[in-house]
Amino acid sequence: AQKITQTQPGMFVQEKEAVTLDCTYDTSDPSYGLFWYKQPSSGEMIFLIYQGSYDQQNATEGRYSLNFQKARKSANLVISASQLGDSAMYFCAFPQAGGYNKLIFGAGTRLAVHP
Amino acid sequence: DGGITQSPKYLFRKEGQNVTLSCEQNLNHDAMYWYRQDPGQGLRLIYYSQIVNDFQKGDIAEGYSVSREKKESFPLTVTSAQKNPTAFYLCASSTPRGDFSNQPQHFGDGTRLSIL
């Protein structure tokens, strides 16, 4: 069965430092994608970054990058130069088997950025 | 600006009452989704729709119903059969439809539902 795991319920980081949020997944699909979303306290889900399983390079979007290790089935989010506004819940997700882009979400990691 | 609008922001339900959550998008997306989020947890899929007049049950559809009469609209009804409706409900849309996609889902701001 497909499964996605975020093992860190909470993390904290000092402002301007980098932090890594872990995500592991389990799928037998040969081709898949992984998404990371940010959820501030206001509740909306903000798309951050996407990694395709056959992409040759790790995805990057501004201060966000993915440490994608396909053999280990992990797709860890790295946030560089943390800002106070990065304090939020972070979720990784990937599409369920059967198509239609139905997403399975991890339980999330709450990140607190300290000044 | 294009986006997804959910209303109301807060909703209270009495025992035995059905309530309907609104979701409207102007992104011209084919696919729309409803998720439920319980405190401290990830999102779980309730229903999804790939085209007008067609929708499918997700992982936790019991006690919920939907309709998709227009491409822009995908309302969710929480029926009295849903015994634990208190949660945060998020609507999303994406394109294209079909198998594995690299297109992210776009989300509304959510509706918080509580029991009176």
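This text follows the structure it describes.
All values derive from a computational prediction rather than experimental measurement. (Residues numbered from 1 in each chain as written. Chains lettered and ligands numbered in written order. Predicted model: local features only at pLDDT ≥ 70, side-chain atom pairs only at ≥ 80, totals over all residues. Heavy atoms only, no water.)

Enquirer: Before we move on, could you go through the overall build of chain A and cite the residues and values that matter?
Expert: Each helix and strand in chain A was counted, giving 0 helices and 12 strands. For chain A, the α and β elements follow one another from N to C terminus as β-β-β-β-β-β-β-β-β-β-β-β. Taking 2.2 N^0.38 as the reference for a compact globule, 115 residues should give roughly 13 Å; the C-alpha atoms of chain A span a radius of gyration of 14 Å, in line with that estimate. Principal-axis analysis of the C-alpha atoms places the extent of chain A at approximately 45 × 30 × 20 Å. Within chain A, buried positions represent 50% of all 115 residues. Summarising the internal contacts of chain A: among those between residues at least 6 apart in sequence, 53% fall at separations of at least 24. For chain A, the computed accessible surface area is about 5300 Å², with 50% contributed by carbon and sulfur atoms. Computing the positive centroid from 9 side-chain charges and the negative centroid from 9, chain A places the two 4 Å apart. (Helix = DSSP H or I, 4+ residues; strand = E, 2+ residues; numbered from the N terminus. Rg over C-alpha atoms; globule rule 2.2 N^0.38 Å. Buried < 20%, exposed > 50% of the residue type's maximum accessible area, 1.4 Å probe, protein only. Contact = heavy atoms within 4.5 Å. Areas by Shrake-Rupley, 256 points an atom, 1.4 Å probe, with all protein chains shown as cover. Lys, Arg positive; Asp, Glu negative; His and termini not counted. Charge placed at Lys NZ, Arg CZ, Asp CG, Glu CD.)

Enquirer: Residue-level account of the pattern of salt bridges, with values.
Expert: Residues and elements named next belong to chain B. Applying the stated criterion across every chain, the model contains 5 salt bridges over all chains. The residue Arg-36 makes a salt bridge to Asp-38 at a minimum N-O spacing of 3.0 Å. When its relative accessible area of 5% is taken as the criterion, Arg-36 is described as buried. Judged by its relative accessible area of 11%, Asp-38 falls in the buried class. Taken together, the salt bridges that share partners define one network made up of Arg-36, Asp-38 and Arg-44. (Salt bridge = Lys/Arg side-chain N within 4 Å of Asp/Glu carboxyl O.)

Enquirer: Lay out the environment of B:His29 with the relevant residues and their values.
Expert: Residues and elements named next belong to chain B. Looking at where His-29 falls in the secondary structure, it is placed in the loop between β3 (19-25) and β4 (31-37). With relative accessibility at 8%, the residue His-29 sits in the buried group. For the pair His-29 and Ala-81, spaced 52 residues apart in sequence, the C-alpha to C-alpha distance is 30 Å. When sequence neighbours within four positions are dropped, the list of residues in contact with His-29 reads Arg-68, Lys-71, Ser-93, Ser-94, Thr-95 and His-106. Among the polar contacts made by the side chain of His-29, one reaches the side chain of Ser-93 at a distance of 2.7 Å. (Polar contact = N/O pair within 3.5 Å; in protein donor to acceptor, adjacent residues only side chain to side chain.)

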